[in-house]
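# Descriptive analysis of the structure
One-letter residues, chain by chain:
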Amino acid sequence: MATTTSSSGLTFKLHPLVIVNISDHHTRIKAQSSSSSNGSSASTSSSSPAPRVFGCVIGVQRGRTVEIFNSFELLLDPSTNTLDRAFLVTKQELYKKVFPNFYILGWYSTGSDVQESDMQIHRALMDINESPVYVLLNPAINHATKDLPVTIYESELHVIEGNPLLIFVKSNYIIETVEAERISVDHVAHLKPSDGGSAATQLAAHLTGIHSAIKMLNSRIRVVQQYLLAMQRGEIPYENSLLRQVSSLLRRLPAIESEKFQDDFLMEFNDTLLITYLAMFTNCSSTMNELVDKITVLYDKQSRRGGRSAFI
């Protein structure tokens, strides 16, 4: 069980693709197990929990920063509770051909908490990576929390009751995205809902999401500010690793005050306004064309009847 926080000082960056892969893996295995259970017993499928899934996470480590880019699935032998080593080596060779700079950083699984058998799998991967990382995704839906149901664990050797013991410890992480991932997430955000929602509904949902993200960002900035003020007043001890991260973040702020940023921002803003005006003109022209067509049809209909047109 993991009850403490890691003291290694490593910075973990998790990419959205890893979360999507683990979620997709869990969903497919759950659907397959439900289908097989329905064929034998309907009551069994409703009561049995979804099986756990396992896989490896790959990425790069630069100094004290560990960046997890991708993942692939693994097979688990239920009789020995160990990973299929031959399958792991084959998948590793295939991914090495496509991503030569990526290395196996650890493994992933699903569940609400760490289990005792997880350490056995963790130890089995230490010959590939001497300090593997463990990514745990909780598939249970909890509407009360706003944090991602993902936890990253490291393994540390602790002396418990005079005996050295390898245990899991929690590590903090941040979500990191590249340009391709941002485009994909934005594309998914603009997809039309399956219930046939209108464009206004999609826009309202999109703006609501942006508003929630800004509120969360504001609240977290306030937490950091209050923490730094308490540290300055001497109420809590100094934490050099946090101060370095805050200092690195503040150095990025002047970049958005440069003249180049203002020029690019105004150009994007003017392009957006121009597209908005063109869309309005197009909409008005389409409405006018429909109105003229209706008047023309009515005029021709009355002319064929020989009646006097109301438009003359």
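The paragraphs below set out a description of the structure included in this document.

Parameters at a glance
Residues numbered from 1 in each chain as written. Predicted model: local features only at pLDDT ≥ 70, side-chain atom pairs only at ≥ 80, totals over all residues. Heavy atoms only, no water. Helix = DSSP H or I, 4+ residues; strand = E, 2+ residues; numbered from the N terminus. Buried < 20%, exposed > 50% of the residue type's maximum accessible area, 1.4 Å probe, protein only. Contact = heavy atoms within 4.5 Å. Areas by Shrake-Rupley, 256 points an atom, 1.4 Å probe, with all protein chains shown as cover. Pairing = 2+ DSSP bridges. Axes fitted to C-alpha atoms, helices over the stretch in contact; angles between N-to-C directions. Salt bridge = Lys/Arg side-chain N within 4 Å of Asp/Glu carboxyl O.

## Structural notes on the overall build of the protein
A tally of helices and strands in the protein yields eight helices and 10 strands. Considering the protein as a whole, with its 312 residues, one finds that 22% of them fall into the buried category. Across the protein, every contact between residues at least 6 apart in sequence was considered, and the portion connecting residues at least 24 apart equals 60%. As displayed, the protein offers around 22000 Å² of accessible surface, 59% of which is attributable to carbon and sulfur atoms.

## Observations concerning the pairing of strand β8 (residues 150–160)
Across four bridges, the pairing between strand β7 (residues 133–137) and β8 is antiparallel. Residue Val-135 lies in a different strand from β8, and its bridge partner there is Ile-152. The pairing of β8 with strand β9 (residues 163–171) spans nine bridges and is classified as antiparallel. Within β9, the residue paired with Glu-154 across the bridge is Val-169. Between β8 and β9, which pair antiparallel one after the other, the connecting turn spans two residues, and Glu-161 there sits at a positive phi close to 55°.

## A word on the sheet that holds β8
Ordered by their spatial adjacency, eight strands build an open sheet running β9-β8-β7-β6-β2-β3-β1-β10, and the pairing between neighbours is mixed. Single-partner strands in this sheet number two, and they are β9 and β10 (173–175). Taken over all neighbouring pairs, the strand axes of this sheet differ in orientation by 35° on average, direction set aside. As paired strands, strand β1 (residues 11–14) and β10 are joined by three bridges and run parallel to one another. Across the sheet, Leu-14 pairs through a bridge with Ile-175, a residue of β10. Helix-sheet contacts for helix α3 (residues 85–98) involve β2 (54–62), β3 (65–73) and β6 (103–110), and the interaxial angle to β3 is about 115°.

## As for the environment of Ser-23
For Ser-23, the position within the fold is in helix α1 (residues 16–40). The exposure class assigned to Ser-23 is partly exposed, which follows from its relative accessible area of 35%. Along the chain, Ser-23 and Val-53 lie 30 residues apart, while their C-alpha atoms are 9.6 Å from each other.

## Let's talk about the environment of Thr-11
With respect to the secondary-structure elements, Thr-11 resides in strand β1. Thr-11 sits 55 residues away from Val-66 along the chain, and the two C-alpha atoms are 6.0 Å apart. Sequence-distant contacts of Thr-11, defined by excluding residues within four places in its chain, comprise Arg-64, Thr-65, Val-66 and Gln-245.

## Considerations on the pattern of salt bridges
Scanning all chains against the criterion turns up six salt bridges. In this structure, the salt-bridge partner of Arg-28 is Asp-24, at a minimum N-O distance of 2.9 Å. Separated by four residues within a single helix, Arg-28 and Asp-24 lie in helix α1, roughly one turn from each other. Owing to a relative accessible area of 37%, Asp-24 belongs among the partly exposed residues under this scheme.

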